[in-house]
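Inside the fold
Spelled out from the first residue to the last, the chains are:
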Amino acid sequence: MSEHEREETETQEQRNLGFWLYLMSDAVIFALLFATYAIMIRGTDGGPTGKQLFDLNNAALETVLLLVSSTTFGFASLSARTGNRGGAIGWLAVTFLLGVGFVFLEVREFAGMIAVGAGPDRSGFLSAFFTLVGTHGVHVTMGLLWILIMSAQIVLKGLTAPVVSRLYRLGLFWHFLDIAWVGIFSIVYLPGLL
Amino acid sequence: MFGKLTIEALPLYSAIAAGGAAVTVGGALLVALVLTWLKAWKYLWTDWLTSVDHKRIGIMYIVLALIMLLRGFIDALMMRAQQAMALNAGGYLPPEHFDQIFSSHGTIMIFFMAMPFMTGLINLIMPLQVGTRDVAFPWLNAVSLWLTAAGAALVMVSLVIGKFSTAGWTGYPPYSGIEHNPGVGVDYWIWAVLISGIGSTMSGINFMVTILKRRAPGMTLMRMTPFTWTALCASVLMVFTFPAITVACGLLALDRVAGMHFFTNAHGGNMMNYANLFWIWGHPEVYILVLPAFGIFSEVVATFSRKRLFGYESLAYATAAIAFLSATVWLHHFFTMGASANVNAVFGIATMIIAVPTGVKVFNWLLTMYRGRIDFHPSMMWSIGFIVTFVIGGMTGVLLAIPPADFLVHNTTFLVAHFHNMIIPGVLFGYLAGYMYWFPKAFGFELNRGWGAASFWCWLIGFYLAFMPLYLVGLKGMPRRMETYNDPTWQPYLMVAALGAVVVLCGIVSMVVQLYVSIRDRKLAADRTGDPFDGGALEWSTSSPPPPYNFAVLPTVGDREPFREAKKNGTAYRRPASYTPIRIPSNTPAAVILGGFAFVLGFAVIWHIWWLVVVSAIAMFITVIARSSDDHAEFTLSAGEVKRIEDERFRQLGGRA
Amino acid sequence: MLAASVALLAGACDLKRAAVLDPKGPIALAERNLLFDAFCVMIIVIVPVIVMTLWFAWRYRASNASARYTPAWDKSGKVDAVVWSIPAIIIISLGVLLWRSTHKLDPYRPIENAGPATEVQVVAQDWKWLFIYPEQGIAVVNQLAFPAGRPVSLRITSDTVMNAFYVPQLAGQIYAMAGMQTRLQLLADQPGKFVGRNSQYSGSGFSEQHFEVLSLSQGDFDAWVAKVKQAPGRLDAQTYPAQAAKSRAVPITYYSAVEPGLYDQIIAKYRHSGHTHTQNQGAGAPARR
């Protein structure tokens, strides 16, 4: 391996470690938002509860969209590794659409809750719900923007080493959000309905 | 169009407030004038503001810290003066001004003096000590700096436009909520902390990756310098605990801006959660600050005792233990919030346990001095003053760790004395020791020893005069944060404390004089070898200041003190057979621009200028995208260039090479 | 020299009467003794460390050629064992003291073997303190009176931001928080007058938020209750808002009658908007009442 290639590999390793550490700090944020939610579940102030508000079918559909999008992102990663530009962009497009679907469903759910007077300013419980789930949704939205940017980079620069490396980190981010969603589904929606 | 911002935001309601604003604006204008007179704007921009070099970034952090030390200390002088006079509603400050001052004093000293000072020293020295060319993410490093500066700028602007928070540096709701504090003060605090906190998290990531992945070949973890060890542990804490204050301030901001109920009295809010979130960050934060200071003491005491550091392995394990334990004690900041005896007792015991590794460190430093040959360089004086004074604070900490004892003195000036008794000798003396120790490395000439010693004695005596009375008046039942009081027996103590503040002022003036005298006499005290104190670690093997690439040939390490080994073996100043070209990250305006927009974003949120919030957010986004899409933001220094720089270095070394 | 001694003596006399060092009841006495005991234990470590530091700095100064110089001595297993174990032993023994005393002095725990308690409900307000005596049916602002030698059982809440109830000569402090109740027990051995304060900054009137604490003989206490019962004022849901409105440096005020359940209503208004649900703890209430 040439000196240049060795340095390039080292740089990517450092970037990957740095990104893992960022994800860990993000995980701490989510953990604290989960803890806050757990503490505030009963802070409904006589207002609407999870049981009254949550739609398990909607949550299930969101889950399917997000989990499938992780799979399609996996296909995009595989295409990238084998130098298949068309495949990478195509699968990224599918992932993007699934992600947009997820965000659309979530925004619709939020709007519905606000319309019936169950917005984040109604009670502590709802503040915690909107912030936890909303923070996740904002992360997904940032991920969608990042997918667009990576697609543009693949088109303009091709599947160069830096581009593939960035795609790997986007993958880490996307799968991390999946795991966070599994937590949300399990801790927020399911118990809200039991 | 301008949200809540109107002409009423100007502090024309009181002479003192107007004075503060005038000094701030005047100071900024003065700096601009001097730069213009020296024709230094271009130099400032190309060589400093757009730099991504860890050494430059480190120096800028320290400059920020020293300026904010002055600002925070003026707050301290004003508080001590007020309390010395304020028996029975005496005192010179208008109502509620004192409350802003104690809030900004704490906020500035922790977030904008101590954190930047530490980050600056680690930036300046750690990459040299691990034998690498720069930190892992040089551009991110610059972004961290400018985000911190943006936060500091918000605090400074609050002197001129609007008011600062009166909720203390801790910002407890519901007092800090929108219902009880609808003005902009708390918002200034929130956004200054949030923005600089993001910078600190990124620095933590940067330092961790640098230390874990960029050490010179042969440098195992147990061969790192003590300072690097403590920088690593502090960085781990930064990455894992700064998210907690981001959440605490973020949720408070949501309560204030979006009418949510995280911490409100009614509607299902839970104010106790804020205390938990804040201190889950807050306690590790003080260890983030003190561990690198401990690392500095380890290096300084060894160098100026002319001995190897005693108990290196013990110190490394103790550092890791302290870092881990620091995340288990946060509840001791609110023993009086009504938790059960079991909960209070568990956290009290955890707090006591931290005293054990800390005590081990103190003994190791003492044993390093033992049978050494001590040179009383100012840095050594700071270290000795630290040991004597810090253990007193540690003792009062153990007292406070016992919940029923804490019930008697929590939130009194006894507590204030305790934590200043830890932070001033622990953190500040450590950073000042590091500043005076590594100044020659950064600038190529030594600081004047006499004025350094004067500064030390004034700080030490001033500290005791200012804070020992506070322990005593706290035992008399005086709560903290009191603008006036009605017990005349308190006043003598507070007057002595005010005298102490004046003595510390002499210490600060001595530091300013030291700087002036040292710059004036720099040719006489020039550091031509890069090794003015016969150091053992790698930073002393470079020139002072080091070249942009730090090491022409990256070192290989076989010992805990690689440079001392090399000096013993005669391999220290060898010229390599040939030089290779070196790639160096290019300067870029993207980081300072990002910081500028972060400032605007914070200001816009505070004043509810929503269109400007959107515009600055988009601008930040575009800056980041543009920068990240740049794959080749570096230039190459040719082998000939490197040789030229190295030849000059060897010429300076003269006899040594 | 003389001046310094005089100052020291004056200081010492003054400190003998320092609130924390001069407790007037068993709780504060026990808590103060903890401070002393822990202080004495820690002094065993601190004084030698300070002495060693100054001694080593002096003895091993570079100009002292007669001192031994061992530059390479940088580790010793024996020393390690000592410096880890001695602090550990001290901390373990202090830890045992901590565990026991924290349970014994739990502010929620009634004082043992002390007889029936005087019940008082405390409401922290801006910037004063309201004391409601449910058994006597009276209320007082900024004066807490009770019979000496008998425990006082306090239930504490806030009708504003977080405050802290603090009478250092009788007991430690505890936070007062809206919508929640904390407990504190105190007992004054003898009749006397003490100072009470708020120790948690709560706004512009914070400095003036002190109150008088009076422990009285049983006869004097009965007389005091009778005096309060002659006051013209009455505290109920109609008059309460005016009483609670922001005010500073409020003089001692008596209310001869207080609406039963007023204290519970003050807590309840923060729990559910308008509802009083004593069994529904909701978010944020400490587990114990």
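This one's a predicted model, so the numbers in the text were calculated from it and none came from an experiment.

What counts and how
Residues numbered from 1 in each chain as written. Chains lettered and ligands numbered in written order. Predicted model: local features only at pLDDT ≥ 70, side-chain atom pairs only at ≥ 80, totals over all residues. Heavy atoms only, no water. Helix = DSSP H or I, 4+ residues; strand = E, 2+ residues; numbered from the N terminus. Buried < 20%, exposed > 50% of the residue type's maximum accessible area, 1.4 Å probe, protein only. Areas by Shrake-Rupley, 256 points an atom, 1.4 Å probe, with all protein chains shown as cover. Lys, Arg positive; Asp, Glu negative; His and termini not counted. Charge placed at Lys NZ, Arg CZ, Asp CG, Glu CD. Rg over C-alpha atoms; globule rule 2.2 N^0.38 Å. Contact = heavy atoms within 4.5 Å. Pairing = 2+ DSSP bridges. Axes fitted to C-alpha atoms, helices over the stretch in contact; angles between N-to-C directions. Buried area = accessible area lost by both parts, 1.4 Å probe. Salt bridge = Lys/Arg side-chain N within 4 Å of Asp/Glu carboxyl O. Domains from an automatic or database assignment. pLDDT = per-residue confidence, 0-100. 1 Å grid on protein atoms, 1.4 Å probe; cavity = no way out; pocket = protein on both sides within 12 Å on 5 of 7 lines; lining within 4 Å. Points joined across faces, edges and corners; volume = space filled by probe spheres on them. Nonpolar A, V, L, I, M, F, W, Y, C, P; charged D, E, K, R; others polar. Parallel < 35°, antiparallel > 145°, perpendicular 65-115°, else oblique. Left-handed = near helix turned anticlockwise from the far one by under 90°. Patch = residues over 30% accessible without salt bridge, like charges linked within 9 Å, V, L, I, M, F, W, Y side chains within 5 Å. Polar contact = N/O pair within 3.5 Å; in protein donor to acceptor, adjacent residues only side chain to side chain.

**Section: the overall build of chain A**
The secondary structure content of chain A amounts to six helices and zero strands. Start at the N end of chain A and walk to the C end: the helices and strands fall as α-α-α-α-α-α. Counting only C-alpha atoms, chain A reaches 70 × 30 × 25 Å along its principal axes. Residue burial in chain A is summarised as follows: out of 194 residues, 53% are buried. Total accessible area on chain A is roughly 8,400 Å²; 70% of this is exposed by carbon and sulfur atoms. Of note, chain A has its 11 positive side-chain charges centred 3 Å away from the centre of its 14 negative side-chain charges.

**Description of the overall build of chain B**
Check the secondary structure of chain B and you find 19 helices and two strands. Expected size for 657 residues packed as a compact globule is a radius of gyration near 26 Å; at 25 Å, chain B falls within 12% of this value. For chain B, the spread of C-alpha atoms along the principal axes amounts to about 75 × 60 × 45 Å. The buried share among the 657 residues of chain B stands at 66%. For chain B, contacts bridging at least 24 residues in sequence account for 83% of all contacts bridging at least 6. Charge centroids of chain B, computed over 42 positive and 33 negative side chains, lie 8 Å from each other.

**Let's talk about the sheet that holds strand β12 (residues 253-255) of chain C**
Residues and elements named next belong to chain C. Here we have six strands laid out as an open sheet, ordered β8-β5-β1-β2-β3-β12, and mixed in their pairing. Bordering the open sheet on either side are β8 (182-186) and β12, each of which pairs with just one other strand. The mean inter-strand angle of the sheet, taken between neighbouring strand axes irrespective of direction, is 20°. Of the strand pairs in this sheet, strand β2 (residues 128-133) and strand β3 (residues 138-141) are connected by four bridges, and their pairing is antiparallel. Residue leucine 130 lies in a different strand from β3, and its bridge partner there is valine 141. Contacting β1 (118-125), β2, β3 and β12, helix α4 (residues 218-228) runs over the sheet at an angle of about 90° to β3.

**Focus: the interface of chain A and chain B**
Contacts between chain A and chain B engage 35 residues on the former and 35 residues on the latter. In total, about 2,800 Å² of surface goes out of reach between chain A and chain B, with carbon and sulfur atoms giving 68% of it. Per-residue buried area on chain A facing chain B is highest for A:Gln14, A:Leu21 and A:Leu32; these three make up 21% of the total on that side. Applying the counting rule to chain A against chain B returns two salt bridges. Residues A:Glu7 and B:Arg583 are paired through a salt bridge, measuring 3.2 Å at the closest nitrogen-oxygen approach.

**Some details on unusual backbone geometry**
If a residue is not glycine, its phi is most likely negative; likewise, a peptide bond is most likely trans. Residues B:Pro173 and B:Pro174 are joined by a peptide bond in cis, for which omega reads 0°. In this structure, B:Pro174 sits in the loop between α5 (138-157) and α6 (185-213). Here the amide bond leading from B:Ser544 into B:Pro545 is cis, since omega sits at -10°, within 30 degrees of zero. Unlike most non-glycine residues, C:Asn113 shows phi in positive territory, near 50°. Structurally, C:Asn113 is set in the loop between α3 (77-104) and β1.

**Describing the domain arrangement of chain B**
Residues and elements named next belong to chain B. With domains assigned, chain B is organised as domain 1 (1-304) and domain 2 (373-525). A straight line from the C-alpha centre of domain 1 to that of domain 2 covers 20 Å. Taken together, the contact pairs 49 residues of domain 1 with 49 residues of domain 2. For the domain 1 and domain 2 pair, buried surface summed over both sides reaches about 4,000 Å², with 75% attributable to carbon and sulfur atoms. When the buried area of domain 1 at its contact with domain 2 is split by residue, Arg80, Phe297 and Phe304 rank highest and sum to 19% of it.

**With respect to the confidence of the model for chain B**
Per-chain confidence: chain B averages 96 in pLDDT, with 99% of residues scoring 70 or above. In the predicted assembly, ipTM is 0.96 and pTM is 0.96.

**With respect to empty space enclosed by the protein**
All names here are of chain B. Scanning the entire structure with this criterion turns up nine cavities of 30 Å³ or more. If you add up the space inside the largest cavity, you get close to 230 Å³. Taken together, 18 residues make up the lining of the largest cavity; nearest its centre are Pro226, Ala302, Leu309, Arg560 and Glu561. The element that contributes the greatest number of residues to the lining of the largest cavity is helix α8 (residues 271-304), accounting for four residues. Considered class by class, the residues forming the lining of the largest cavity number seven nonpolar, four polar and seven charged.

**A look at the environment of B:Phe533**
Residue and element names in this part refer to chain B. Relative to the helices and strands, phenylalanine 533 resides in the loop between α15 (491-520) and α16 (562-569). Sequence-wise, phenylalanine 533 and tyrosine 437 are 96 residues apart; in three dimensions their C-alpha atoms are separated by 8.8 Å. For phenylalanine 533, the residues in contact, after removing those within four places along its chain, are Thr303, Phe304, Arg306, His377, Tyr437, Pro440, Glu446 and Trp540.

**Quick word on the pattern of salt bridges**
Overall, the coordinates contain 33 salt bridges over all chains when judged by the stated rule. Where A:Glu10 meets A:Arg6, a salt bridge forms, and the shortest distance between an N and an O atom there is 2.8 Å. Pair noted here: A:Glu10 and A:Arg6 are both in helix α1 (residues 3-40), with a separation of four residues, about one helical turn. The partly exposed category is assigned to A:Glu10, whose relative accessible area is 35%. Note that B:Lys55 and B:Asp53 form a salt bridge whose closest N and O atoms lie 3.2 Å from each other. Given a relative accessible area of 7%, B:Lys55 falls into the buried group. Ionic contacts of the salt-bridge type, sharing partners, join the residues B:Arg308, B:Asp531, B:Asp534, B:Glu561, B:Arg564, B:Lys567 and C:Asp74 into one network.

**Quick word on the sheet that holds strand β9 (residues 192-198) of chain C**
Backbone hydrogen bonds are what pair the strands of a sheet, in a parallel or an antiparallel way. Residues and elements named next belong to chain C. With mixed pairing, five strands are arranged side by side in an open sheet as β4-β10-β9-β6-β7. Each of the sheet's edge strands pairs with one partner strand only, and the pair in question is β4 (143-147) and β7 (174-176). Within the sheet, the average angular offset between the axes of one strand and its neighbour, ignoring direction, is 25°. Lying on the sheet, α4 is in contact with β4 and β10 (210-216); it crosses β4 at an angle near 135°.

**Section: the side chain of A:Thr135**
For A:Thr135, the position within the fold is in helix α5 (residues 124-157). If we skip the residues at most four places from it in the chain, A:Thr135 touches A:Phe30, A:Leu33 and A:Phe130.

**Considerations on the packing of helix α4 (residues 97-130) of chain B against α8(B)**
Residue and element names in this part refer to chain B. Put simply, α4 and α8 touch, their axes get as near as 11 Å, and they point 45° apart. Taken as axis vectors, α4 and α8 run oblique relative to one another. α4 and α8 meet at a crossing whose hand is left-handed. Only Trp281, Glu285, Ile288, Leu289, Pro292, Ile296 and Glu299 of α8 make contact with α4, whose side of the interface consists of Ile110, Phe111, Ala114, Met115, Met118, Leu121, Ile122 and Gln129. Counted by class, the contact of α4 with α8 contains 12 nonpolar, one polar and two charged residues.

**Observations concerning a nonpolar patch on the surface**
A cluster of nonpolar residues, A:Val138, A:Met142, A:Leu145, A:Leu148, B:Val614, B:Ile618, B:Phe621 and B:Ile622, forms a patch on the protein surface that exposes about 680 Å² of accessible area. The set of elements that each furnish at least two residues to the nonpolar patch consists of α5 of chain A together with α18 (610-628) of chain B. Relative to the assigned elements, B:Ile618 resides in helix α18.

**With respect to the interface of chain B and chain C**
Contacts between chain B and chain C engage 94 residues on the former and 86 residues on the latter. Of the roughly 8,000 Å² buried between chain B and chain C, counting both surfaces, carbon and sulfur atoms make up 69%. It is B:Arg371, B:Arg373 and B:Leu408 in chain B that bury the most area against chain C; as a group they hold 10% of the surface buried on that side. Where chain B packs against chain C, one counts two salt bridges. The interface formed by chain B and chain C includes 29 residue pairs in polar contact (both at pLDDT 80 or more). Top element by residues in the side of chain B that touches chain C is helix α10 (residues 341-369) of chain B. It accounts for 18 residues.

**Section: the pairing of β2(C)**
All names here are of chain C. Summarising burial for β2: six of the six residues are buried, a large majority. What you see with β2 is no split at all: Lys128, Leu130 and Ile132 on one side and Trp129, Phe131 and Tyr133 on the other are buried throughout. Note that β1 and β2 share five bridges and pair antiparallel. Within β2, the residue paired with glutamine 121 across the bridge is isoleucine 132.

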